[in-house]
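Observations on the three-dimensional arrangement
Residue strings, one per chain:
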Amino acid sequence: MDISSTQPVGSVHVVAGQSPVPAASSKPSKKRAMNRVEKPTDEQEEISKMAKQGVAETLSREVFSTYSASLPTIPHACPHPGKIVEAASLAAQPLPTATYPICDSLSDEIIRKGRLSALQLEGVVYACQRHQVLLPDGHRAGFFIGDGAGVGKGRQIAGIILDNYVRNRRRHIWFSISGDLCLDAQRDVKDLGCYLKVISGCQQLDRETRAFGLPSDFKEGIVFSTYATLVSSVSKSSGPFSAKQQTRLDQLIAWCGGKDFDGCLIFDECHKAKNFAPDNEKASTKVAVAVASIQRLLPKARVVYCSATGVTDVKDMAFMERLGLWGPGTPFKAFDVFLETIQKRGLGAAEMVAMEMKNAGIYVSRGLSFCDAEFENMERDLTKEQCATYDQSA
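Since we're looking at a predicted model, the values are computed, not measured.

Basis of the calculations
- Residues numbered from 1 in each chain as written.
- Predicted model: local features only at pLDDT ≥ 70, side-chain atom pairs only at ≥ 80, totals over all residues.
- Heavy atoms only, no water.
- Buried < 20%, exposed > 50% of the residue type's maximum accessible area, 1.4 Å probe, protein only.
- Helix = DSSP H or I, 4+ residues; strand = E, 2+ residues; numbered from the N terminus.
- Pairing = 2+ DSSP bridges.
- Right-handed = clockwise from strand over helix to strand, strands pointing away.
- pLDDT = per-residue confidence, 0-100.
- Contact = heavy atoms within 4.5 Å.
- Phe/Tyr/Trp six-rings, centres within 6.5 Å; stacked < 30°, edge-to-face > 60°.
- Lys NZ or Arg CZ within 6 Å of the ring centre and 35° of its normal.

Some words on the pairing of strand E12 (residues 302-306)
Within a regular beta strand, the side chains point alternately toward one face of the sheet and then the other, so they alternate between its two faces. Within E12, five of the five residues are buried, which leaves the element mostly enclosed by the surrounding structure. Note that strand E5 (residues 143-145) and E12 share three bridges and pair parallel. Of the residues in E12, the one forming a bridge with Phe143 is Val304. Of the pairings in the sheet, the one linking strand E11 (residues 264-268) to E12 comprises five bridges and is parallel in character. Note on E12: the bridge partner recorded for Ile266 is Val304. What joins E11 to E12 is helix H9 (residues 286-297), and the crossover it makes is right-handed.

Structure, rendered in structure tokens:
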């Protein structure tokens, strides 16, 4: 008798030399699906978090590259205290060889003690080196510092001014968006051991008299002015019973000494002048027209443009005439031709312009890395009063 035929449903059929196999059932079995949700362990959560971070870091490396200053002529320069990155497209282009003798003007103490880091020294060197160039139209070439927050644009400006001060150029103009930033300018200048007077606003130049002129301590230094002040005017006495209006622009030109002025002309937060139309100044803002005018009236000035957001659009570059990207001696006879050419070719062409500017020693753009930054999402319940305030505001 075959015992396998008498086995109950669900029993196990054993064959010699083989593993037990469940016997076939005469009734179709019901399949039961069970969904099990297990809470991951702390170790699994950490592994998952690390994996996601790895993906994010990979994507970040494709967009940004770690930046380190290259100053072979100043091997004792101190590294920048923060981690610095640069756009990958710019990292593909090297800066030209630095030849400017910055060590002739800056003391060894400034360099060894890190009052100017290697990164900041690099900006100072290339700005001063660029200022040695005269454009085909006879104007001195300018430099563009496009560094982000934390790199130290103010400290680089102070370094550029200090180099010129040591070389006997004692008058400089520094424009910014707020008069409150004058204290930061004074701090940056003094931290480098430069005690050149920082004149806060053009209002102090009003102390000039017809008989005695300006006080001696206002004849040299750094005039720190806002863009709003640049487009204003002041009433000047022209006699015992009369007065005339003088623009601040004319006042600054007179203080500089006119067209032979060869000091620094700093446009900090220069995006304030972005709305400039060279062929239609009526469509331009007053600030943009004034910024363009002072550059043209001071052809030998050492111009520095500073802004982390200076070129959000190529059309915003119109006032940066000292970069030498258009005009005589270039492929573009005017800015409108340059703008049309770049806009036709899209974002890729704009990136190529930035790469070319860096390669020519016209432009640097570095920023702090966020690789060590951490954030956490937190939820908070609003009170009824807060909800009411929000609803009223919305």
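Overview of the sheet that holds strand E14 (residues 367-368)
Strand order in the open sheet made by the three strands is E3-E4-E14, with antiparallel pairing throughout. Each edge of the open sheet is held by one strand with a lone partner, namely strand E3 (64-66) and E14. Pairing geometry for strand E4 (residues 84-87) and E14, over two bridges, is antiparallel. Its bridge partner lying in E14, Ile84 is registered against Leu368.

Things to note about the confidence of the model for the protein chain
Within the protein chain, residue pLDDT values average 84, and 80% of them lie at 70 or more. Taken together, the stretch residues 28-37 has pLDDT below 50 and engages in zero contacts with residues farther than four places along the chain or on a different chain.

Description of the packing of aromatic side chains
All told, the structure shown has 10 aromatic pairs when counted by the stated rule. Relative to Tyr227, the ring of Phe175 lies with its centre 5.9 Å away and its plane at 20 degrees, an arrangement referred to as stacked. Linking Phe175 in strand E6 (residues 171-176) with Tyr227 in helix H7 (residues 227-230), this pair joins segments that are 52 residues apart in sequence. Judged by its relative accessible area of 0%, Phe175 is buried. Of the residues examined, Tyr227 reaches a relative accessible area of 1% and is grouped as buried. Ring geometry for Tyr305 against Phe319: centres 5.8 Å apart, planes inclined by 80 degrees, an arrangement best described as edge-to-face. With a gap of 14 residues between them, Tyr305 in strand E12 and Phe319 in the loop between E12 and helix H10 (335-345) connect regions that are remote in the sequence. Comparing Tyr305 with Phe319, the two get one shared label, buried. Of the aromatic side chains, those joined through ring pairs into one cluster are Phe175, Tyr227, Phe267, Tyr305 and Phe319. Note that Arg171 overlies the ring of Trp255, its terminal NZ or CZ placed 5.3 Å from the centroid.

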